[in-house]
2 protein chains.
Amino acid sequence: MAAYNHEPKRASNMTVNESRPFNAEPPISVLREHFVTPTDQFYIRNHAPVPVLNGSDHVVTVTGLVPLDLKLTMYQLEHDFPQATVMATLMCAGNRRTEMSKIKKVRGVPWGHAAISNAIWKGPRLQDVLLAAGVHRLESIWDTLHVEFEGVDICKDNRGYGSSIPMVKAMDPKGDTILALQMNGHQLPRDHGYPVRVIVPGYIGARSVKWLQTIRILSHESTNYFQVKDYKLFPPHVDWDVVDNWWDKAPPIQEMSVQAAICQPADGEAISPAGKYTVKGYALTGGGRRITRVDVSLDNGSSWETARLFSDLHNQKTGSHLTKWSWEFWELPVMSMPAPCTIICRAWDESCNTMPEDLKQIWNLRGVMNNSWVKINVRALSKV
Amino acid sequence: MAAYNHEPKRASNMTVNESRPFNAEPPISVLREHFVTPTDQFYIRNHAPVPVLNGSDHVVTVTGLVPLDLKLTMYQLEHDFPQATVMATLMCAGNRRTEMSKIKKVRGVPWGHAAISNAIWKGPRLQDVLLAAGVHRLESIWDTLHVEFEGVDICKDNRGYGSSIPMVKAMDPKGDTILALQMNGHQLPRDHGYPVRVIVPGYIGARSVKWLQTIRILSHESTNYFQVKDYKLFPPHVDWDVVDNWWDKAPPIQEMSVQAAICQPADGEAISPAGKYTVKGYALTGGGRRITRVDVSLDNGSSWETARLFSDLHNQKTGSHLTKWSWEFWELPVMSMPAPCTIICRAWDESCNTMPEDLKQIWNLRGVMNNSWVKINVRALSKV
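Residues numbered from 1 in each chain as written. Chains lettered and ligands numbered in written order. Predicted model: local features only at pLDDT ≥ 70, side-chain atom pairs only at ≥ 80, totals over all residues. Heavy atoms only, no water.

Novice: Can you help me understand the confidence of the model for chain A in this one?
Specialist: For residues with low pLDDT, the predicted coordinates do not support detailed interpretation. Residue and element names in this part refer to chain A. Per-chain confidence: chain A averages 95 in pLDDT, with 97% of residues scoring 70 or above. Ignoring residues within four places in sequence, the model shows residues 316–320, a span with pLDDT below 50, making seven contacts including any to other chains. As scored by the predictor, the complex reaches a pTM of 0.96 and an ipTM of 0.95. (pLDDT = per-residue confidence, 0-100. Contact = heavy atoms within 4.5 Å.)

Structure below.
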């Protein structure tokens with residue numbers, strides 16, 4: 001297809017789960033090596049060909065119920081507003097989807113455990129841009145408004161990929177929603193939204209719209225396909241025969257639930273029985289909440305050990321919010337690692353929520369928000 | 001004990017779980033009859049004798065790191081600040097503790113499923129009171145500060161019952177933390193903190209300090225017993241032998257996790273087999289998030305049906321925040337109710353978190369935050 005003649009170059013070590021549109025995740029062992037994911041190892045979730053855009057003539061339109069329509073160049077976004085730097089982990093709602101298909105086939109990009117990455121983003125705050133469009137005059141009705149984002153990438157219904165977030169999230173001074181022009185200190189790469197994308201920290205990646213073209217203030221949620229006919233969480237009993245009755249009943253997924261993965265060892269890896277071994281992984285939760293604990297079991301949940309958190313509760317104690325929107329790294333040193341063995345982990349966040357035990361009990365036909373207990377198997381290394 | 005000679009009169013239908021100090025919950029069927037719990041049916045959680053106070057001479061002191069110390073009479077709290085009305089459900093962190101003791105004995109007041117109630121509270125916003133004490137001058141360090149509350153009721157270490165919340169929660173314009181002078185349109189009853197208590201919506205009830213005497217701004221969490229040696233959530237492997245190593249490791253419980261209960265039928269109730277029956281209950285979550293779904297299973301989790309929510313997603317759609325901090329009522333009409341039967345329910349909130357399946361896996365020695373799947377048994381009504 002000619003539409004895919006202008007795709008950017010990608011790192012060769014990525015696992016490609018779908019090639020057109022391009023969807024790929026890094027090796028999970030590489031993911032765990034860097035608290036801030038190297039840009040070329042950041043998972044890529046595209047819904048269409050990557051647009052060919054030029055930052056010097058691209059314009060973002062702010063419209064809808066705003067008192068003042070705006071058309072903003074990239075130069076204006078960079079120079080007319082204070083620039084905020086936000087570390088934020090993005091995760092696809094479909095992270096860990098492949099596991100779900102083992103119960104019963106689900107539809108969607110077959111992600112492993114690495115549809116998640118952490119980066120440092122920089123650009124103007126969305127609230128400052130909206131204030132420039134006069135939204136302070138609407139403050140008494142912010143609770144009823146939604147902010148729709150639409151990209152250049154035409155996907156469904158001849159519209160760009162799009163979605164919306166509540167106005168209160170957009171205007172929350174602690175919400176850190178920005179229009180990112182930079183990723184990890186450099187201009188955004190084309191795969192990640194060049195020249196400008198939204199970053200909605202604490203929400204599923206689907207709301208951080210790339211190749212941003214239009215911001216629209218609405219009195220209702222976006223009617224974009226990806227807000228109303230995708231990224232929804234249904235009960236296990238909803239199948240394709242009845243799903244049409246359900247799209248309206250389920251709210252769009254916005255904040256992320258508690259999530260984790262084991263990055264070391266890899267599933268199926270062979271290790272030395274009874275040797276010293278350090279199990280490592282990541283954990284993440286939504287809404288700017290902190291991960292408070294990660295439990296690991298080597299005996300199928302009969303007993304648990306508590307992993308060391310990367311930040312060791314440092315952030316809660318000092319109140320530092322540097323990593324408020326980022327994942328947590330954890331590790332558990334094991335003195336005598338059994339092999340073969342099933343390793344299980346579960347994380348908890350500061351709202352005392354944890355991950356559900358049984359994948360089957362949260363199965364859903366779109367395979368989203370799989371945050372069941374993480375289970376991997378290791379084999380015993382053969383003796384030479 | 002003479003200290004208990006001045007306890008208030010209480011409704012005779014309450015289940016008294018501890019008499020001195022007084023701890024009682026209403027019948028769960030009564031609880032589900034009123035979206036706003038009648039004042040005399042509101043669960044009572046006291047840590048000491050009820051203080052004998054006089055609203056006309058009681059004073060709340062605001063001190064600590066504030067630029068300006070304040071001493072505020074009840075008249076000043078009512079007349080010198082705008083009065084906010086907030087509907088908020090309070091729940092004890094020990095709600096559903098008794099179930100946990102079935103796995104292994106836990107310590108604490110033996111609550112059933114009704115250590116939870118909903119009321120309409122009215123009084124000045126905490127943020128307005130703190131602003132009067134000059135905290136705007138500290139805005140750059142709010143992230144590092146804590147607001148301690150201490151009551152008149154002497155409990156441990158010769159100090160009043162107390163705790164703290166983060167300054168950012170106290171100052172959050174959407175946080176709705178108030179100093180309540182009224183409950184359901186009337187002066188606070190003595191059991192609920194007369195003449196003034198804190199209401200911290202979305203947090204466990206333990207932070208809504210009653211008989212408030214002192215508000216103290218600190219650079220660290222409160223060192224009050226009930227902040228540092230109680231109301232903490234430990235992993236299942238922590239027992240009384242090792243707990244002293246754990247108090248500092250676990251953060252204090254603040255926001256509530258997803259919770260639910262079945263109110264009708266009662267556990268052990270006899271019902272007509274194959275008759276029409278409506279299962280009813282409540283659900284609640286923390287942080288101002290919405291309950292998005294309640295699933296009910298009549299076959300031990302093999303299949304689920306989705307209950308009707310009282311507000312039928314009305315609030316999400318209109319953005320109304322009237323019930324932002326209150327519980328959700330749900331019901332499931334069953335055309336042919338099996339009996340005997342185990343009825344299971346689990347709730348989900350808008351961060352896509354749900355309740356853990358297995359009580360054993362979240363067991364903790366203080367028996368807090370039991371939000372495992374709710375399971376009750378019904379018998380078949382004998383044929384006459």
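Novice: Please clarify how the sheet that holds strand β22 (residues 341–349) of chain B should be interpreted in this entry.
Specialist: Backbone hydrogen bonds hold the strands of a sheet together, and the pairing may be parallel or antiparallel. Spatial ordering of the open sheet is given by β16-β23-β22-β18-β19 (chain B), a layout of five strands whose pairing is mixed. In this open sheet, the two strands that pair with only one neighbour each are β16 (270–271) and β19 (305–306) of chain B. (Pairing = 2+ DSSP bridges. Helix = DSSP H or I, 4+ residues; strand = E, 2+ residues; numbered from the N terminus.)

Novice: How do you make sense of the relation of the copies chain A and chain B when you look at a structure like this?
Specialist: In this arrangement, two copies of a chain are superimposed by a rotation about an axis accompanied by a shift along the axis. Its rotation angle being 180°, the transformation that places chain A on chain B also includes 0.0 Å of axial translation and leaves an RMSD of 0.0 Å. The relationship between the two copies is best expressed as a two-fold rotation axis. Distance from the rotation axis, computed per C-alpha, reaches its smallest value in chain A at A:P356: 2.5 Å. In this assembly, 100% of the residues forming the interface of chain A have copies in chain B that are likewise at the interface, indicating an isologous arrangement. (Least-squares fit on C-alpha atoms with pLDDT ≥ 70 in both.)

Novice: How do you make sense of the interface of chain A and chain B when you look at a structure like this?
Specialist: Of the residues lining the interface, 46 residues belong to chain A; the matching set on chain B comes to 46 residues. Summed over both sides, the interface of chain A with chain B buries roughly 3,600 Å², with 52% coming from carbon and sulfur. Taken as a group, A:C352, A:N353 and A:Q361 account for 16% of the area that chain A buries against chain B, more than any other trio of residues on that side. Inspection of the chain A/chain B interface yields two salt bridges. As a salt-bridge pair, A:K174 and B:D143 come within 3.2 Å of each other at their nearest N and O atoms. Our count for the chain A to chain B interface comes out at 14 residue pairs in polar contact (both at pLDDT 80 or more). Taken together, the elements giving at least two residues each to the side of chain A that touches chain B come down to β18 (291–297), β19 (305–306), α7 (314–318), β22 (341–349) and α8 (359–362) of chain A. (Buried area = accessible area lost by both parts, 1.4 Å probe. Salt bridge = Lys/Arg side-chain N within 4 Å of Asp/Glu carboxyl O. Polar contact = N/O pair within 3.5 Å; in protein donor to acceptor, adjacent residues only side chain to side chain.)

Novice: Sorry if this is basic, but what is going on with the packing of aromatic side chains here?
Specialist: Within a pair of aromatic rings, the relevant descriptors are the distance that separates the centres and the angle that separates the planes. Under the definition given, this model contains 26 aromatic pairs over all chains. Measuring from centroid to centroid gives 5.6 Å for A:F42 and A:Y43, while their planes differ by 15°, and the two rings are stacked. In this structure an aromatic cluster arises from ring pairing among A:F35, A:Y282, A:F310, A:W327 and A:F329. Just above the ring of B:F22 sits the side chain of B:R10; from NZ or CZ to the centre is 3.8 Å. Over the ring of B:Y225 we find B:K156; its NZ or CZ atom is 4.7 Å from the centre of that ring. (Phe/Tyr/Trp six-rings, centres within 6.5 Å; stacked < 30°, edge-to-face > 60°. Lys NZ or Arg CZ within 6 Å of the ring centre and 35° of its normal.)

Novice: Where do I start with the sheet that holds strand β7 (residues 116–124) of chain B in this structure?
Specialist: All names here are of chain B. One open sheet accounts for four strands, arranged β6-β7-β11-β12; its pairing is antiparallel. The open sheet has two free edges, formed respectively by β6 (83–91) and β12 (186–187), since each of these has just one partner strand. Of the pairings in the sheet, the one linking strand β11 (residues 182–183) to β12 comprises two bridges and is antiparallel in character. Its bridge partner lying in β12, Q182 is registered against Q187.

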